Amino acid sequence: MSSSETERSSGAAPSPDQAADALPAVAPRLRSLRRQASLTLEAAARAAGLSPAHLSRLETGQRQPSLPMLLALARIYGTTVAELLGETAAARDAVIRAAGMEPTEAGGWTYWQAGAPGRGMQALRVHVPYGSQGDIVRVHPGEEWLHVLRGRLRLRLGDTTHQLAPGDSAHFDSLTPHRIAAQDPDGVELLFVHTLLQSPTAALCLGPTPGDRP
């Protein structure tokens, strides 16, 4: 998450004075969030560009993190600087209106946010074009649930390939290597719920398997 994204998700980035006032309470939250994200000290430190010893001192309160460090750690742990500092998040609207769902394109797929940000689960409506990302193997912590709205889906779980038609669903452990591909030229539209909020970005994809198609 970039600093601008952090500012949007928390309303406004805290000033240096606000951050300094709240720093004594940050240390235990840093350790708790790292453990919730299932990250070792070494992995989290590497992702943040810190040494494990430095991150350990931050988690025990022996050192105070700078605002850039807080921004980096918030991104890695899937949260905001405001939440790291213990600020109470504003109440989230439970209803997401269709008119407020802005499409986002990434890797050929189109996503519409179908849930509130900052939750432990992320809900999306997804359009997967034919031939897009069908060779990418995904492995990451958490669970996924998907429901086919339109078109037909080819879902590869481990060594097994499943064909899903409209109305079919799948619910699986995301540590199972998996691929998603549209079976029809018109693509496939899905409802998709996953628990990626605290998964490091680098853990999401292993890349294509040479010589193997979905």
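Quantities reported herein were computed from a predicted structural model and do not represent experimental measurements.

## Points about unusual backbone geometry
Turning to step 1, where the next piece is worked out: Notably, S38 is not glycine yet its phi reads approximately 60 degrees, a positive angle.
Turning to step 2, where the next piece is worked out: Mapped onto the elements of the fold, S38 is located in the loop between α3 (26-36) and α4 (41-48).
Turning to step 3, where the next piece is worked out: For S38, a relative accessible area of 60% corresponds to the exposed category.

## Section: the sheet that holds strand β10 (residues 188-194)
Turning to step 1, where the next piece is worked out: Here six strands make up an open sheet; going across it, the order is β1-β2-β3-β10-β5-β8 and the pairing antiparallel. Looking at strand neighbours, the two that pair on one side only are β1 (103-106) and β8 (169-173), the edges of this open sheet. Each strand of the sheet is rotated relative to its neighbour by a mean of 25 degrees, with strand direction disregarded.
Turning to step 2, where the next piece is worked out: Bridge count between β1 and strand β2 (residues 109-113): four bridges; the pairing is antiparallel. From the neighbouring strand, T104 faces β2, where its bridge partner is Y111.

## Observations concerning the packing of aromatic side chains
Turning to step 1, where the next piece is worked out: For the coordinates displayed, the defined rule picks out one aromatic pair.
Turning to step 2, where the next piece is worked out: Measuring from centroid to centroid gives 6.1 Å for W109 and Y111, while their planes differ by 35 degrees, and the two rings are tilted.
Turning to step 3, where the next piece is worked out: On the basis of relative accessible area, W109 is assigned to the buried category, the value being 5%.
Turning to step 4, where the next piece is worked out: When the ring centre of W112 is taken as reference, the NZ or CZ atom of R125 above it lies at 4.1 Å.

## Some details on the pairing of β8
Two faces belong to every sheet, and in a regular strand the side chains alternate between them.
Turning to step 1, where the next piece is worked out: Only one face of β8 is buried, namely the one carrying A170 and F172, since none of S169, H171 and D173 on the opposite face is buried.
Turning to step 2, where the next piece is worked out: Where strand β5 (residues 143-150) meets β8, five bridges bridge the pair, whose relative direction is antiparallel. What sits directly across from H147, in β8, is S169.

## Considerations on helix α5 (residues 52-59)
Turning to step 1, where the next piece is worked out: Every buried residue belonging to α5 is among H54, L55, L58 and E59, and all of these are buried. Viewed along the axis of α5, the buried residues span an arc of 140 degrees, placing them on a single side of the element.
Turning to step 2, where the next piece is worked out: Lining the buried residues of α5 we find α3, α4 and α6 (67-76).
Turning to step 3, where the next piece is worked out: In the segment just after α5, G61 is the residue with positive phi, at about 80 degrees.

Calculation notes
- Residues numbered from 1 in each chain as written.
- Predicted model: local features only at pLDDT ≥ 70, side-chain atom pairs only at ≥ 80, totals over all residues.
- Heavy atoms only, no water.
- Helix = DSSP H or I, 4+ residues; strand = E, 2+ residues; numbered from the N terminus.
- Buried < 20%, exposed > 50% of the residue type's maximum accessible area, 1.4 Å probe, protein only.
- Pairing = 2+ DSSP bridges.
- Axes fitted to C-alpha atoms, helices over the stretch in contact; angles between N-to-C directions.
- Phe/Tyr/Trp six-rings, centres within 6.5 Å; stacked < 30°, edge-to-face > 60°.
- Lys NZ or Arg CZ within 6 Å of the ring centre and 35° of its normal.
- Arc of directions from axis to C-beta.
- Contact = heavy atoms within 4.5 Å.

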